[in-house]
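# Inside the fold
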Amino acid sequence: MSSPVSYELVDDIGVVTIDNPPVNALSQAVRQGIHDAIQVARSDASKAILILCEGRTFIAGADIREFGQRPQEPYLPDLCTEIENSTKLVVAAMHGTALGGGFEVALGCHYRCALPTARVGLPEVKLGLLPGAGGTQRTPRLAGAMAALDLITSGNPVDAGRAASLGLVDHLVEGDLREGALDWCRELVAKGASRRKTSELHVETISDGVLADYRAKLAKRARGQVAPQKIIECIEAAMMLPFPDGMAAEREKFMECMQSPQSAAMRHLFFAEREATKVSDLPADTVLRNVDKVGVIGAGTMGGGIAMNFANAGMQVTLLEVSDEALSNGLQTIDHNYMGGIKRGKLTEAEALERRGRITGTTNYATLADADLVVEAVFESLDLKQDIFAELDSVCKQGAILATNTSYQDVDRIAAVTRRPKDVIGLHFFSPAHIMKLLEVVRAEKTADDVLATCMGLAKKIGKTPVVSGVCYGFIGNRMLGHYGREAQLCVIEGAAPEAVDTAMEQWGMAMGPLAVFDLAGLDVGYKARQGLPEDKRGDPRAFRVADALVEMGRCGQKTGAGFYRYDPETRQRSSDPDVQQLIASAADDLDIERREIDSSEIVDRLIFALANEGMNILAEGIAQRPGDIDVVYVYGYGFPAFRGGPMHYADAVGLDDVLQRVQEFQQRFGSENWTPAPLLEQLVADKMTLSEWAKSRRSK
Ligand code: T1G
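Source: prediction; values computed, not measured.

## So, the overall build of the protein chain
- Tallying secondary structure elements over the protein chain gives 29 helices and 19 strands in all.
- Compactness check: the protein chain gives a C-alpha radius of gyration of 28 Å against a globular reference of 27 Å for 701 residues, within 12% of the reference.
- Counting only C-alpha atoms, the protein chain reaches 85 × 60 × 55 Å along its principal axes.
- A total of 701 residues make up the protein chain; the buried ones form 55% of that total.
- Long-range contacts, defined here as pairs at least 24 residues apart, represent 74% of the contacts in the protein chain between residues at least 6 apart.
- Just so you have it, the protein chain exposes about 29,700 Å², and 52% of that area is on carbon and sulfur atoms.
- Computing the positive centroid from 75 side-chain charges and the negative centroid from 96, the protein chain places the two 3 Å apart.

In structure tokens form, the structure reads like this:
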């Protein structure tokens, strides 16, 4: 098999070209190829060595697929040192995204040039890791300790211009990268540029006080995560220790992260997010429909955010409302969101104006006649949604995709009121819709393949992570949330204070505790949804007795200043409310519930295993394609900690036999209505199979 690395002498420049699609990851073969090329260049006529890549990007990092396997030589840290110690000048020429180990290779070079469109970064922390090939030791030597801390603890790439201002890139190449880089190499040779070893540079340090402050802020921002704190320790080592000792410290902490369950969880998510975009039974050659013009029905919070997504991606958007007043309120909210984006430096005024300019309003359905896609985003009433779809069926052109943003209604029943159910699909955005990354793509019984494929492609275009869900009440996320929320509210009425439940879940890693989430979403939303269900479909009445009482007292959550908590009108800070304690105690009395101490491990197990158990049922029914999809839904839609990998990965990590045992214990204690072990869970334990082995076995079918 030919090497993914080639070497040629271009005049007196040795050119090392890496060609390992799709992202030139540093597989063993690539590392070997670079090593071999450097060896050849050592003794040929070259005066300098240029490293660059074919394809869409410079090296985007170590090959994550090799993690967990036996490490093979040449090891990346050694390769970067070999490059730095080369007897010939070595220059990196970057385009696309030079990330992780790829950027570390560039940092090992004596000089770096890039296209202005290039982005460079060290995203390892997003995999629960840290740069393990000198990134934590060389970056501070070029950019200073503070800039290195920001770059490595955030994991966010910076554009080439910013990188140049930080000293991480020495030259921006306009036009053709290869030719421009070759010219620059010749200039460096001509002017006798030295082999500038980054390892020999001095680190611009920061004080202990600033570092302590940074550590505290990071502990809050990256609550529960191990890698970010280890990154600080590496930067500290770079400031305090000679380079070789700093490298040794980096290697030690890198290996600790690599072997951590947190990194295993985050690497699982990396691939799960990419696999979620694939629909296993969709023919690869499905022709996509063209989508340039988009209509959005309803200019409320969701409709406005949805409209912004499509406008931000360059599409023309028509926002429809029932009245001019409602329309102008909706457009004002959109203006407000764009202003907020400018204030936070997310976009320039010119960009905001351009995007806002793509959104127009109407109160006339006929305006949507030539829309390629229409997304309905009105409040949750099946009747109202059916009326709207009947209207759309009569005004929209043939071939238009008709989508509903419902978060739990039956999409088949919505499609059934049209003469074109194959063009109907669910596109369930999460609030705030212009920010949340997740998009549940609900495949209805008659949804056509090209409609589904088009929407999966569109999701990526508007910066969303799509996950396919079948039709059931609440789809993947909200269906599981019902079980999670039930247990949260049962823990409250059985004896745990709301803040005890939320604190337990937040310390475990959830972005926000369940009761606080319900207050944020609005307790009236759940109340109305329950009122819409027949009595026998509402579930365990003990679970929502308190929430219903709060709503009937006008305490709907943050929007009314009080719910399970009281909220400071200025800061929106939550605080416990003795009135709620009182209300809970009397509700428990009414229901003859003897309240008891509930410790945080019981709270965590009841809520998380309720999620995982229902996730098993969802997989068995084929509502979700694979366990990783459920994990992506929960991490990107429900604030589930990425360092735990999602509810299904977590169940596997804990061990399915332990999960089953705990679920059976809860069944004993709380009854089968709420706790019936999922048959798939029982089957996998009986077969001594993990969920990821089960998923793998289905993938190969
Ligand atoms: N290793 C293996 N496969 C990778 C990969 C990688 N580093 N990066 C991407 N892929 C695969 C991906 O799974 C997908 O495969 C295809 O490439 C296209 O990716 C020692 C330890 C580069 C910005 O964290 O952020 O270096 O699904 O769909 O949207 O310090 O991929 O087609 O089969 O994401 O255009 C550090 C990870 C590694 C960067 C492109 N590097 N990659 O985004 O395409 S750790 C990273 C990305 C490290 C050293 C340490 C993105 C991208 P498939 P894609 P994209």
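## Things to note about the sheet that holds strand β4 (residues 89-94)
- Strand order in the open sheet formed by 6 strands is β1-β2-β3-β4-β6-β9, and the pairing between neighbours is mixed. Either end of the sheet is taken by a strand with one partner, and the two such strands are β1 (5-10) and β9 (171-172).
- Sheet topology note: the strand β2 (residues 13-18)/strand β3 (residues 48-53) ladder contains 6 bridges and is parallel. Counterpart to Val15 in the pairing with β3 is Leu50.
- Contacts from helix α3 (residues 101-108) reach β3, β4 and β6 (111-114), with the element oriented near 145° to β4.

## Considering a positive patch on the surface
- A surface patch of positive charge is lined by Arg56, Arg65, Lys278 and Lys460.
- Its location among the elements puts Arg65 in the loop between β3 and α2 (76-84).

## Brief notes about the site of the ligand
- Around the ligand, a shell composed of 28 residues is seen, among which Gly101, Glu104, Glu124, Arg274 and Lys278 lie nearest.
- At 2.9 Å, a backbone N or O of Ile64 approaches a nitrogen atom of the ligand.
- When the ligand sits alone it has 1,000 Å² of accessible area, and the protein chains cover 78% of it.
- When residues of the shell around the ligand are traced back to their parent elements, those giving at least two are β5 (97-99), α3 and α11 (261-275).
- Examining the composition of the shell around the ligand, we find that 3 residues originate from one element, α11, more than from any other.
- Of the residues that constitute the shell around the ligand, the class distribution is 15 nonpolar, 5 polar and 8 charged.

## Observations regarding the pattern of salt bridges
- Here the structure, examined in full by the defined rule, presents 51 salt bridges.
- With a closest N to O distance of 3.1 Å, Lys422 and Asp423 form a salt bridge.
- With a closest N to O distance of 2.9 Å, Asp629 and Arg626 form a salt bridge. With respect to burial, Asp629 and Arg626 carry one shared label: buried.
- One network of salt bridges, in which partners are shared, links Arg486, Glu487, Glu494, Arg596, Glu602, Asp605, Arg606, Arg662, Glu665 and Arg669.

## Observations concerning the sheet that holds strand β13 (residues 373-376)
- Taken together, the 8 strands give an open sheet; going across it, the order is β12-β11-β10-β13-β14-β15-β16-β17, and neighbouring strands pair in mixed fashion. Edge positions in the open sheet fall to β12 (359-362) and β17 (465-469), since each of these has one partner strand only. Direction aside, neighbouring strands of the sheet carry axes that sit 25° apart on average.
- Bridge count for β13 against strand β14 (residues 401-404) is 4 bridges, and the pairing is parallel. Looking across to β14, one finds that Val374 is bridged to Leu402.

## Section: the side chain of Asp502
- Tracing the chain through its elements places Asp502 in helix α19 (residues 498-508).
- Buried and without a salt bridge, Asp502 has Arg574 as its closest oppositely charged side chain, separated by 4.4 Å.
- Asp502 has contacts with Gly513, Pro514, Leu515, Ala516, Tyr565 and Arg574, leaving out every residue within four places of it along the chain.

## Describing the nonpolar core
- Of all hydrophobic cores here, the largest spans 78 residues; its most connected members are Ile476, Val501, Met505, Ile603, Ile608 and Met616.
- Apart from the residues within four sequence positions on either side, Met505 is in contact with Tyr484, Met510, Gly513, Pro514, Ile603, Val604, Leu607 and Ile608.

## Some thoughts on the environment of Asn613
- Along the chain, the position of Asn613 falls in helix α24 (residues 600-620).
- Judged by relative accessible area, which is 6%, Asn613 ranks as buried.
- Taking the C-alpha atoms as reference points, Asn613 and Asp629, separated by 16 residues in sequence, lie 15 Å from one another.
- Apart from residues lying up to four places away in sequence, Asn613 is in contact with Val663, Thr676, Pro677, Ala678 and Leu681.

## A look at helix α13 (residues 324-343)
- Over its 20 residues, α13 extends 28 Å from the first C-alpha to the last, a length consistent with the 28 Å expected when each residue adds 1.5 Å.
- Restricting attention to buried positions, one finds in α13 the residues Leu327, Gly330, Leu331, Ile334, Asn337, Tyr338, Gly340 and Gly341.
- Contact partners of the buried residues in α13: α12 (301-312), β11 (316-320), α14 (349-356) and β12.
- At the C-terminal side of α13, Gly345 shows a positive phi close to 75°.

The rules behind each value
Residues numbered from 1 in each chain as written. Predicted model: local features only at pLDDT ≥ 70, side-chain atom pairs only at ≥ 80, totals over all residues. Heavy atoms only, no water. Helix = DSSP H or I, 4+ residues; strand = E, 2+ residues; numbered from the N terminus. Rg over C-alpha atoms; globule rule 2.2 N^0.38 Å. Buried < 20%, exposed > 50% of the residue type's maximum accessible area, 1.4 Å probe, protein only. Contact = heavy atoms within 4.5 Å. Areas by Shrake-Rupley, 256 points an atom, 1.4 Å probe, with all protein chains shown as cover. Lys, Arg positive; Asp, Glu negative; His and termini not counted. Charge placed at Lys NZ, Arg CZ, Asp CG, Glu CD. Pairing = 2+ DSSP bridges. Axes fitted to C-alpha atoms, helices over the stretch in contact; angles between N-to-C directions. Patch = residues over 30% accessible without salt bridge, like charges linked within 9 Å, V, L, I, M, F, W, Y side chains within 5 Å. Salt bridge = Lys/Arg side-chain N within 4 Å of Asp/Glu carboxyl O. Near = heavy atom within 4 Å. Polar contact = N/O pair within 3.5 Å; in protein donor to acceptor, adjacent residues only side chain to side chain. Nonpolar A, V, L, I, M, F, W, Y, C, P; charged D, E, K, R; others polar. Core = buried A, V, L, I, M, F, W, Y, C linked by side-chain atoms within 4.5 Å. Expected span 1.5 Å × (residues − 1).

That's the geometry; what it means functionally is another story.
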